[in-house]
Amino acid sequence: MHPDIAATLAAIAPADPALDTAARAHLDNLTKPRGSLGVLEDLAARLVQIAGGAAPGVDPARIYTIAGDHGVVAEGVSLFPQEVTRQMVANFLAGGAGINVLADTAGVQVMVVDAGSVGGPYPEHPGLIQCKVAAGTASLAQGPAMTREQCDRAVLHGIALAEAAAADGCRAVGTGDMGIGNTTPSTALYCALFGLDPDAMTGPGTGLPTAGVRAKREVIRRGLAVNARAVASGDPLEILAALGGLEIAALAGLCLGAAKCRMALAVDGFISTAAFAVAWKLCPAVRDYAFFAHASAEPGHARAMAAMDARPLLDLGLRLGEGTGAALALFLLRAAANVYTNMATFADAGVHSGA
């Protein structure tokens, strides 16, 4: 393992569950029946743990929408051509995408990151971070998608993104992705990490018809077979290098870095959850900092969540990616923190608690 990745793993401390008791006592003393704000109270208590017992909060928050391309697109796994990745990066920077609208609505900053899209550098832009490791991956159906060195570099870039957010005062980060064809490597990663079957996990992605889904399933089977040695190793980074993508590797690093920096982490949908799964396999304590934004409409997502005993915050039929679900989740986390911090206690309000 790269020494800087190993150092990051060693620096991740679990959140302190002992802080839950005091957080719950405070929540129970607010002017409401006990537990009446449901999951918002659970979120607030977890944010207190992440804050080390201090007042919970998520602001300022930042979403990193990370782009990468995939050689497996040549196998016919997407309805869209690969150049759409680059076109969408330009759209993000122009403020015209779904993530821009929802992040603006939620009051969250978006930074766009090129970890591995096809083509050369982009024109410089204040909202763009250029850390291209390679111009896309190789096809996972033909062999490893990345070299281990490429994978490690992308993971380290993701860790650095989290560290930069923390240095800028962010208390929360969200994950976002852009990469034509990236449901295929994500599905392959789920199958390899959790022993799941491609028949149950493979979905339509950008809208493949039934025959296209069948063909995609066979591509994933070929990828698992040709990379059987990496899969059998059980090493999350070897599996990531063999089956993943550069943006997925960077997102895995972002998850690790967020936990290292004790920031709340809003995990977006199908692709981001695959990246999180790699981070979780490397360091289970990452889970203490993670909030799963939504239940993806991609059918395999529910099975992957079940494999991690995880529960999404929202179920809105989303399948866009980009960090759109993370933007909505960060709003909910802000609401939970504000309830904890700003709501009056019974004594403050002169209200009899009924206890």
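Residues numbered from 1 in each chain as written. Predicted model: local features only at pLDDT ≥ 70, side-chain atom pairs only at ≥ 80, totals over all residues. Heavy atoms only, no water.

**Examining the overall build of the protein chain**
Scanning the protein chain from terminus to terminus reveals 16 helices and six strands. Radius of gyration (C-alpha) of the protein chain: 20 Å, near the 20 Å computed for a compact globule of 355 residues. Viewed in the frame of its principal axes, the protein chain has a C-alpha envelope of about 70 × 45 × 40 Å. Sequence separation of at least 24 residues holds for 75% of the intrachain contacts in the protein chain that already meet a minimum separation of 6. For the protein chain, the computed accessible surface area is about 13,200 Å², with 57% contributed by carbon and sulfur atoms. Positive and negative side-chain charges in the protein chain, numbering 24 and 31 respectively, have mean positions lying 4 Å apart. (Helix = DSSP H or I, 4+ residues; strand = E, 2+ residues; numbered from the N terminus. Rg over C-alpha atoms; globule rule 2.2 N^0.38 Å. Contact = heavy atoms within 4.5 Å. Areas by Shrake-Rupley, 256 points an atom, 1.4 Å probe, with all protein chains shown as cover. Lys, Arg positive; Asp, Glu negative; His and termini not counted. Charge placed at Lys NZ, Arg CZ, Asp CG, Glu CD.)

**A short note on the pattern of salt bridges**
A side chain of one charge can pair with a side chain of the opposite charge if their charged atoms are brought near each other. According to the stated counting rule, one finds 16 salt bridges in the structure shown. With a closest N to O distance of 2.8 Å, D59 and R334 form a salt bridge. A residue pair is termed long-range when its members are at least 10 positions apart, and D59 in the loop between helix 3 (38-50) and strand 1 (61-68) and R334 in helix 15 (residues 324-342) qualify at 275 residues. With a relative accessible area of 36%, D59 lands in the partly exposed category. Between K260 and E163 there is a salt bridge, and its shortest N-O distance comes to 2.6 Å. Taken together, the residues span a long stretch of sequence, with K260 in helix 12 (residues 246-260) and E163 in helix 6 (residues 148-167) at a distance of 97 residues. Given the relative accessible area of 31%, K260 is considered partly exposed. Salt bridges sharing partners connect three or more residues here, namely D197, D199, R217, E218 and R221. (Salt bridge = Lys/Arg side-chain N within 4 Å of Asp/Glu carboxyl O. Buried < 20%, exposed > 50% of the residue type's maximum accessible area, 1.4 Å probe, protein only.)

**Here's the deal with helix 3**
In an α-helix, one turn spans 3.6 residues, which is why side chains three or four residues apart end up on the same side. Between its first and last C-alpha, helix 3 extends 19 Å over 13 residues, near the 18 Å set by a 1.5 Å rise per residue. Listed as buried for helix 3 are E41, L43, A44, A45, L47, V48, Q49 and I50. Where the residues of helix 3 are buried, they touch helix 2 (19-28), strand 5 (264-267), strand 6 (290-292) and helix 15. One or two steps after helix 3, the chain reaches G52, where phi turns positive at roughly 70°. (Expected span 1.5 Å × (residues − 1).)

**Some remarks on the side chain of H70**
Along the polypeptide, H70 turns up in the loop between strand 1 and helix 4 (83-94). Reaching out from H70, the side chain makes a polar contact with the side chain of E247 at a distance of 2.7 Å. Each residue touching H70, except ones within four places of it in the same chain, is listed here: Q82, T137, G179, I180, G181, N182, P185, G244, G245, E247 and I248. (Polar contact = N/O pair within 3.5 Å; in protein donor to acceptor, adjacent residues only side chain to side chain.)

As far as function goes, none of this settles anything; it's purely spatial.
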